[in-house]
Structure formats: structure tokens, C-alpha cells
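Observations on chain architecture
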Amino acid sequence: MPYKHIEISMGPQHPSTHGVLQLKVTADNEVVLNVEPVIGYLHRGMEKLWEHRTYPQIVPLTDRLDYLGAVLNNLGYVLAVEKLAGIEVPKRAQYIRVILAELQRVASHLAWIGFNANDIGAMSVLLYGFIEREGLLDLFEEYCGARLTVHGLRIGGVPHDLTPKVCELIRGVVTSVPRRLADIEALLSENRIWKHRTVGIGRIAPAEAIQYGLTGPALRAAGVRWDIRKNIPYSSYEDFDFDVPLGTHSDVYDRYLVRMAEMRQSLRIITQALDRLPAGEVRAKVPRLLKIPPGEVFLSVEAAKGELGFYIKSNGTDKPERVKMKAPSFINMQCFEKMCQGHLIADLVAILGSLDIVLGEIDK
Amino acid sequence: MSVATIDHPALQAVLDALAARFNDRLLETRFEKGELSVRVARGDLRPVLAFLRNEQGFNALNDIIGLDNANAPVAGRPRFSVLYQLYKFPDALRLRVVTDAAEDEPLPSITGLYKSADWAEREIFDMFGLRFEGHPGLTRIYLGDDFKGHPLRKEFPLAGE
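Predicted model, so just to flag it, every value in this text is computed and none were measured. (Residues numbered from 1 in each chain as written. Chains lettered and ligands numbered in written order. Predicted model: local features only at pLDDT ≥ 70, side-chain atom pairs only at ≥ 80, totals over all residues. Heavy atoms only, no water.)

**Brief notes about the overall build of chain A**
Each helix and strand counted, chain A has 14 helices and six strands in total. For chain A, the C-alpha radius of gyration of 21 Å lies close to 21 Å, the compact-globule estimate for 364 residues. Overall, chain A is about 75 × 45 × 35 Å in size when its C-alpha atoms are taken along their principal axes. The burial tally for chain A puts 62% of its 364 residues in the buried class. (Helix = DSSP H or I, 4+ residues; strand = E, 2+ residues; numbered from the N terminus. Rg over C-alpha atoms; globule rule 2.2 N^0.38 Å. Buried < 20%, exposed > 50% of the residue type's maximum accessible area, 1.4 Å probe, protein only.)

What follows is the structure in C-alpha cells.
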């Protein structure tokens with residue numbers, strides 16, 4: 001019989017894609033030769049819409065990009081606007097932003113471990129991860145009334161000061177999350193099936209990862225020390241003592257180890273910020289009708305998925321001339337094909353999960 | 001062109017090296033809010049980026065940004081601008097290289113220099129209709145192949161046709 005490659009279409013409704021993503025897979029029996037991701041199913045024309053909205057109106061729209069990391073999107077955008085407009089943010093607001101951003105990172109990573117493990121077949125991890133994430137969402141609800149698309153930051157600061165109730169909830173999360181992480185690690189770290197599915201899977205060399213523009217935990221799992229919070233600190237991150245966890249093997253397992261360690265570092269940052277919260281205002285005086293003189297700015301923050309960049313060009317009116325978002329998932333997705341080549345079809349879901357993509361920000 | 005003096009020693013060194021190599025082919029240099037941007041002609045884009053990558057260590061491409069200047073045209077300059085946001089790792093240096101193109105003027109693809117340029121160039125093709133010569137597969141990335149128009153052009157209506 002003549003030899004033939006198999007073409008498989010995964011998605012756009014495949015459960016492992018967490019959104020709508022199609023993967024056109026060419027395989028030699030079970031071995032993946034190449035993968036072509038087809039994106040755009042969730043394209044909402046965000047960048048076009050932003051050109052028709054005022055600067056403050058755009059903040060809640062950024063929530064809808066990476067919907068598991070709303071505060072981190074807010075942060076990237078408001079920092080870019082503030083740099084462009086020359087707005088000085090009060091120190092207390094900067095610290096509260098750091099607390100909210102790190103809580104959001106933990107919530108996002110907890111969702112990731114749940115999905116990644118569930119895709120590989122370890123369903124209880126999903127449930128444990130989501131129980132803990134629930135506490136974080138309750139915290140956000142207490143802080144600003146919303147759970148997922150929280151609109152948690154404002155241009156010039158944050159909408160509310162931390163109430164004693166919120167501080168209490170934060171302290172509670174800081175003690176409960178490590179216990180849950182230990183539970184998850186007990187289930188996975190030395191689990192033979194988990195290791196069999198993740199060790200040595202989806203490797204990429206550090207130099208190649210940089211060439212492809214890979215950022216975030218996936219790049220750090222390759223042993224590259226690149227964390228915007230350390231390299232180009234923003235919002236007072238330089239005030240806090242934390243480590244940047246690195247991997248060595250650049251495989252799915254190391255990405256797991258890096259993110260688990262990152263959550264603990266996030267909790268360290270939150271504790272420090274809460275202990276040393278400066279007194280003062282939580283929001284700078286920003287005119288209700290914010291007009292920004294012509295100029296341009298590019299700024300990036302360390303979001304849960306990687307480096308989130310915003311380019312904003314102003315034209316003197318209250319609406320931007322152009323806003324371009326550099327979504328970490330969009331760039332990381334490009335690496336996916338490279339990571340999959342030579343692995344089995346079943347490994348695709350493990351690798352995709354380890355990249356922690358969100359289609360909301362890939363498609364914009 | 002005389003080299004501008006900027007308040008950033010590391011970027012100044014890059015700028016000096018660029019000026020020494022390309023001299024009057026650097027059309028404009030701007031240093032605002034701590035960000036350096038250098039404008040070059042379309043034809044010089046690839047040599048300038050290759051020089052920055054190979055000899056100045058700008059090993060990562062953050063993003064490629066398309067701009068439609070239809071609402072604020074500059075005399076003598078084509079309608080579209082394309083911005084290449086470079087990053088030097090691990091020195092945490094950023095640099096923006098800007099070039100301009102009219103609708104029917106193809107830009108050189110830089111996928112040979114930075115692999116992350118692949119999807120970014122496809123996105124600009126999709127959103128602005130600019131072409132990149134030498135791109136391995138320049139097709140729309142978000143919208144369907146049968147879609148008419150390029151949404152981020154200023155004349156494209158917000159609510160579609």
C-alpha cells in the first residue's frame with residue numbers, strides 16, 4: 001500500500017483548545033510532522049474599537065483580552081497611558097496594583113494547572129485548582145464587585161482603597177494557597193503518569209525560544225532569566241524581594257515547576273506589599289476628559305502568560321490614534337509548531353496546555 | 001546627519017554605531033519618554049535590522065506595529081508606517097525602527113532575521129493590506145480569506161460595511 005501522511009483537524013471546538021482554535025495536524029501515523037494553528041475565530045476587532053473609545057473607556061475592554069488575567073491587562077494599558085500622559089501614580093496605589101496583579105497571576109496559574117492537568121487526564125487537580133481560585137475570585141468581588149472581568153484599575157491609580165475585609169481575605173489567601181499547591185504537587189510532581197506525559201515533551205532550545213519571541217514562564221522554563229518585573233521594573237516592583245524561578249529542560253514538566261514556584265513568589269510579593277503598604281491617596285487627579293498631546297509610547301508588563309506590550313499613539317484628542325497590543329499568547333502560539341514536531345498526537349494537548357494560551361488575547 | 005545627543009548612554013552608543021554605519025540614511029531620530037526611534041527608508045530596513053541584530057545584539061523582536069496616518073498625513077511621506085519594536089536581551093534595551101510605505105509598496109519581510117516576525121507581518125497584511133516580500137506564506141491571519149477590506153485602515157467603518 002502506498003505510504004501516506006495523515007491530516008487531522010483538531011478543533012475549532014476541541015476541548016483542549018480552551019476557546020476556539022483549529023489545529024491542522026499532519027502526522028506520520030502517530031508522529032506529528034507539522035501543525036498549522038488557525039486562529040481568528042474569536043476576533044472582535046478590539047484595536048479598531050479602541051480607536052473609537054476614550055482612554056478611560058478602553059480599560060474595561062482590556063479585561064476581555066486575557067479573561068483569566070484581567071488586572072494584568074488593565075495594568076499594561078493604564079501604565080502605557082500614564083507614561084504617555086505623564087501621570088504620576090501615588091505610591092499606595094502602585095502597591096495595591098502590585099497586590100491585585102499578583103493575586104491575578106496566582107488565579108491565572110491555578111486555572112492553568114487545572115486545565116493542563118485535566119487535558120492530560122488528572123481531573124482532580126482541576127477541581128483543587130478551581131476551589132482555590134474561587135477564593136481569589138471572591139476576594140476580587142469583595143474589592144470591586146466583579147469576579148472575572150474586574151475592571152480593577154483606573155488611569156491614575158485604583159478605584160478603591162483596600163478595606164480591612166479585603167486585607168483579611170488577602171491574608172487568608174496567602175496562607176491557604178501554599179497548602180493547596182502542596183496538595184497539587186503531592187498529586188503530580190512524582191506521579192509516574194504525569195512525568196511520563198510531561199518530561200522531555202515539547203522542548204525548545206533557549207536561543208530558538210528567543211528567536212521565536214517566546215516570553216513568560218515558557219521562556220523561563222528554558223532557563224532564560226527574562227522577567228519584565230526584574231528587567232524593566234514598573235509599578236514599584238523594584239521594592240520587593242522575590243526570585244525568578246527558572247527551569248533547565250524547557251519541557252512541559254519544567255513549565256509546570258516554574259509556574260508552581262512562581263505562585264509562591266507572587267505570594268511573597270503580596271505579603272511584602274501588604275506589610276509595607278504606604279499611606280496616602282490611591283488615585284491621582286486625572287481629568288474626566290483626558291486629552292493626551294501627540295506622542296507615542298511602548299511599554300510592556302509581565303502578565304501571567306508572558307510579556308504583554310502596549311503601543312499607544314495619541315493625537316491630542318480624548319481618543320487614541322492607535323493602540324496595538326502585543327499579546328503574549330499570540331507570540332507563544334507561534335512556537336507551538338516547533339515544540340510539537342516529532343511528538344505524538346496525544347502530546348499536542350499537553351504542549352498546548354503548557355503554553356497556557358488564551359484565545360481572547362490571541363484573537364483580540 | 002549629525003548624531004542627536006540623548007540622555008541614555010547605552011542607547012547613545014547604539015545610535016552612534018548606527019550613524020557611523022548608515023550615516024545620512026537615518027532619516028529621523030527621536031528620543032521621547034526614554035524611547036529611541038529611528039526612521040529609515042523601506043530599502044534600508046533589512047540592512048539596518050540585520051546590523052542591529054547581528055552587531056548590536058538586538059536579539060528579540062517584541063512586535064511589529066502598523067500605522068495608518070491617513071488622518072494626519074505628513075507631506076512627502078507615504079500613508080502607512082510600520083514600526084519594529086526591538087529588544088536587546090539581557091541588557092533590557094529597547095529600540096524602535098520605523099519605516100514608511102504606500103499601499104502598493106511592498107516591504108521587505110524580516111522573517112529571515114526574526115522568526116517572531118512571521119505572524120506579526122501576516123497581521124499587518126490582514127489589518128492594513130501591506131505586503132511583505134519574501135514572507136513564506138503571507139495570508140490573512142484573523143479574518144477569512146474571502147473578507148473584503150482591511151479593518152484597521154481609517155476609512156474602514158467601525159461597524160463593518
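On we go from here.
**Quick notes on the sheet that holds strand β6 (residues 322-326) of chain A**
Residue and element names in this part refer to chain A. Taken in spatial order, the three strands make up an open sheet running β4-β5-β6, and their pairing is antiparallel. Looking at strand neighbours, the two that pair on one side only are β4 (295-302) and β6, the edges of this open sheet. Each neighbouring strand pair of the sheet contributes to a mean axis angle of 10°, computed without reference to strand direction. Where β4 meets strand β5 (residues 307-314), eight bridges bridge the pair, whose relative direction is antiparallel. (Pairing = 2+ DSSP bridges. Axes fitted to C-alpha atoms, helices over the stretch in contact; angles between N-to-C directions.)

**Some details on the layout of surface pockets**
Residue and element names in this part refer to chain A. By volume, the largest pocket amounts to about 550 Å³. What lines the largest pocket is a set of 24 residues, among which Lys 83, Ile 232, Pro 233, Tyr 234 and Leu 299 lie closest to the centre. Here the residues of the lining of the largest pocket are counted per class, giving 11 nonpolar, six polar and seven charged. (1 Å grid on protein atoms, 1.4 Å probe; cavity = no way out; pocket = protein on both sides within 12 Å on 5 of 7 lines; lining within 4 Å. Points joined across faces, edges and corners; volume = space filled by probe spheres on them. Nonpolar A, V, L, I, M, F, W, Y, C, P; charged D, E, K, R; others polar.)

**A few points about the nonpolar core**
Within the largest apolar cluster, 167 residues are counted, with the highest numbers of intra-cluster contacts made by A:Tyr77, A:Ile170, A:Phe336, B:Leu52 and B:Tyr84. Looking at this core, the element that brings in the most residues is helix α4 (residues 91-120) of chain A, giving 15 residues. Apart from the residues lying within four places of it in its own chain, the contact partners of A:Phe336 are A:Leu23, A:Val35, A:Leu348, A:Ile351, A:Leu352 and A:Leu355. (Core = buried A, V, L, I, M, F, W, Y, C linked by side-chain atoms within 4.5 Å. Contact = heavy atoms within 4.5 Å.)

**Comments concerning the pairing of strand β2 (residues 22-28) of chain A**
Residue and element names in this part refer to chain A. When you tally the buried positions in β2, you get five out of seven residues, the bulk of the element. Here strand β1 (residues 6-10) runs beside β2; their pairing, made up of five bridges, is antiparallel. Note on β2: the bridge partner recorded for Met 10 is Leu 23. Between β2 and strand β3 (residues 31-38), which pair antiparallel and follow one another directly, the connecting turn spans two residues, one of which, Asn 29, has a positive phi of 55°.

**Here's the deal with the interface of chain A and chain B**
Contacts between the two partners involve 41 residues from chain A, matched on the other side by 42 residues from chain B. Summing both sides of the interface, chain A and chain B together bury roughly 3800 Å²; the carbon and sulfur share of this comes to 57%. Considering only the surface of chain A that becomes buried against chain B, A:Lys48, A:Gln211 and A:Phe298 emerge as the three largest contributors, covering 19% of it. Taken together, the links from chain A to chain B amount to nine salt bridges. For A:Lys324, the salt bridge goes to B:Glu123, with nearest N and O atoms at 3.7 Å. Put simply, chain A and chain B have 20 residue pairs in polar contact (both at pLDDT 80 or more) between them. At the level of elements, α1 (46-50), α3 (70-85), α8 (206-211), β4, β5, β6, α12 (328-340) and α14 (359-363) of chain A are the ones that each hand at least two residues to the side of chain A that touches chain B. Here the side of chain A that touches chain B is built from residues that sort into 17 nonpolar, eight polar and 16 charged. (Buried area = accessible area lost by both parts, 1.4 Å probe. Salt bridge = Lys/Arg side-chain N within 4 Å of Asp/Glu carboxyl O. Polar contact = N/O pair within 3.5 Å; in protein donor to acceptor, adjacent residues only side chain to side chain.)

**Describing the packing of aromatic side chains**
Residues and elements named next belong to chain A. If you walk through the whole model with that rule in mind, you get 14 aromatic pairs over all chains. With centroids separated by 6.3 Å and ring planes inclined at 65°, the aromatic side chains of Tyr 237 and Phe 242 adopt a geometry described as edge-to-face. By relative accessible area, which is 1% here, Tyr 237 ends up buried. Given a relative accessible area of 3%, Phe 242 falls into the buried group. Cluster of aromatic residues (ring-pair linked, three or more members): Trp 50, Tyr 77 and Phe 310. Over the face of the ring belonging to Phe 242 we find Lys 230, whose NZ or CZ atom lies 4.3 Å from the ring centre. (Phe/Tyr/Trp six-rings, centres within 6.5 Å; stacked < 30°, edge-to-face > 60°. Lys NZ or Arg CZ within 6 Å of the ring centre and 35° of its normal.)

**Observations concerning the state of the cysteines**
The full count for this structure, using the stated rule, is zero disulfides over all chains. Residue A:Cys167 stays outside any disulfide, its sulfur separated by 15 Å from that of A:Cys144, the closest cysteine. (Disulfide = S-S within 2.5 Å.)

**As for the sheet that holds strand β1 (residues 26-32) of chain B**
Residue and element names in this part refer to chain B. The mixed open sheet is built from five strands, whose spatial order is β1-β2-β5-β4-β3. On the outer flanks of this sheet lie β1 and β3 (60-68), each paired with one strand and no other. Neighbour-to-neighbour, the strand axes of this sheet turn through a mean angle of 20°, independent of strand direction. Strand direction decides the pairing type here: β3 and strand β4 (residues 80-88), joined by eight bridges, are antiparallel. Counted as the bridge partner of Leu 61 is Leu 86 from β4. Relative to the sheet, helix α3 (residues 117-128) contacts β3 and β4, its axis offset from that of β3 by approximately 5°.

**Overview of the pattern of salt bridges**
Residue and element names in this part refer to chain A. Applying the stated criterion across every chain yields a total of 47 salt bridges over all chains. A salt bridge links Lys 364 to Glu 47; the nearest nitrogen and oxygen atoms lie 2.9 Å apart. With Lys 364 in the segment after α14 and Glu 47 in helix α1, the pair connects residues that are 317 residues apart, well separated along the chain. Each of Glu 102, Arg 105, Arg 220, Asp 227, Arg 229, Glu 262 and Glu 302 takes part in one network of salt bridges that share partners.

**A look at the environment of A:Arg283**
Residue and element names in this part refer to chain A. Relative to the helices and strands, Arg 283 resides in the loop between α11 (252-275) and β4. Residue class for Arg 283 comes out partly exposed when judged on its relative accessible area of 40%. Aside from chain neighbours lying at most four places away, what touches Arg 283 is Pro 90, Arg 154, Ile 155, Gly 156, Gly 157 and Val 158.

**Some details on empty space enclosed by the protein**
Taken as a whole and judged by the stated rule, the model has five cavities of 30 Å³ or more. The leading source of residues in the lining of the largest cavity is α1(A), at three residues. Broken down by class, the residue content of the lining of the largest cavity amounts to four nonpolar, two polar and four charged. By volume, the second largest cavity is sized at about 40 Å³. In this structure, the second largest cavity is lined by A:Gly213, A:Thr215, A:Trp226, A:Glu307, A:Lys326, A:Ile331, B:Ala60, B:Leu61 and B:Asn62. Sort the elements by how many residues they give to the lining of the second largest cavity and β3(B) lands first, with three residues. Classifying every residue of the lining of the second largest cavity by side-chain character gives four nonpolar, three polar and two charged.

**As for the pairing of β6(A)**
Residue and element names in this part refer to chain A. The buried count for β6 comes to five of five residues, which makes it a mostly enclosed element. Here β5 pairs with β6 via five bridges, running antiparallel. Pairing of Tyr 311 across the sheet is with Lys 324, part of β6.

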